[in-house]
Amino acid sequence: VIIATGERVRFTNHSSAHRPINSAPFPAHSGCPPINDVALLTPGQSRETGVLSLTGACGFHDHLTEGSPTFSGLILVGTSDPTDAPPIGY
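This section reports on the structure supplied with the text.

Cut-offs and rules
Residue numbers here run from 1 along each chain, matching the order of that chain's written sequence. A pLDDT threshold of at least 70 governs which residues receive local features in this predicted model, and a stricter bar of 80 or more applies before side-chain atom pairs are shown or counted, although totals over entire chains, interfaces and linings include all residues. Hydrogens and water molecules were not included; the side-chain quantities draw on all heavy atoms of the structure. Per the convention used, a helix needs a DSSP run of H or I reaching at least four residues, while a strand needs a run of E reaching at least two, with both numbered from the N terminus. Accessibility here uses a 1.4 Å probe with only protein chains present; expressed as a share of the type maximum, an area under 20% marks a residue as buried, one over 50% as exposed, and anything in between as partly exposed. Pairing of N or O atoms within 3.5 Å defines a polar contact, subject to two protein rules: one partner must be a possible hydrogen donor and the other a possible acceptor, and residues neighboring in sequence count only if both atoms are side-chain atoms. Note on pairing: two strands pair once DSSP finds at least 2 bridges between them. Each Phe, Tyr or Trp ring (for Trp, its six-membered ring) is paired with any other whose centre lies within 6.5 Å, and the angle between the two planes then decides the class: stacked below 30 degrees, edge-to-face above 60, tilted in between. Should the NZ of a Lys or the CZ of an Arg lie within 6 Å of a ring centre and within 35 degrees of the ring normal, that charge is described as sitting over the ring.

Details of the side chain of Arg19
As for its placement among the helices and strands, Arg19 is situated in strand β3 (residues 19-23). According to the relative accessible area criterion, Arg19 is buried, its value standing at 13%. Only 3.3 Å separates the side chain of Arg19 from the side chain of Ser15, close enough to count as a polar contact.

Written as structure tokens, this is what we have:
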């Protein structure tokens, strides 16, 4: 997903499993800490990230399925280039 700097992203769990959403990289979860605000989503639950205030590519994953492409992705903050480095300075 591509968003403007300063926006949030809403995650919704449409599965029947619990989904703990964390920022990359694993296991530090330090690349884009506002993603960690989503935390654990139970089935049907929805929650927003914190404000993504720095420009760059923010990776995220379901902590229980680390490495699965089905449950990971990128939020492009203020960029359309997925190769942009993650923000520095959160």
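With respect to the pairing of strand β6 (residues 56-62)
Counted residue by residue, β6 has 7 buried out of 7 residues, so it is predominantly covered. As paired elements, β3 and β6 share 3 bridges and run antiparallel to each other. When the bridges of β6 are listed, Asn22 appears paired with His61. Judged from the 6 bridges that link them, β6 and strand β7 (residues 72-77) form a sheet pairing that is antiparallel. Across the sheet, the residue bridging to Cys58 is Ile75, located in β7.

Thoughts on the packing of aromatic side chains
Scanning all chains against the criterion turns up 1 aromatic pair. Between Phe11 and Phe60 the ring centres are 5.0 Å apart and the planes differ by 85 degrees, which places this aromatic pair in the edge-to-face class. Within this pair, whereas Phe11 is found in strand β2 (residues 10-12), its partner Phe60 is found in strand β6, the two being separated by 49 residues in sequence. Judged by its relative accessible area of 12%, Phe11 is buried. In this structure, Arg19 packs its charged tip against the face of Phe71, placed 3.6 Å from the ring centre.

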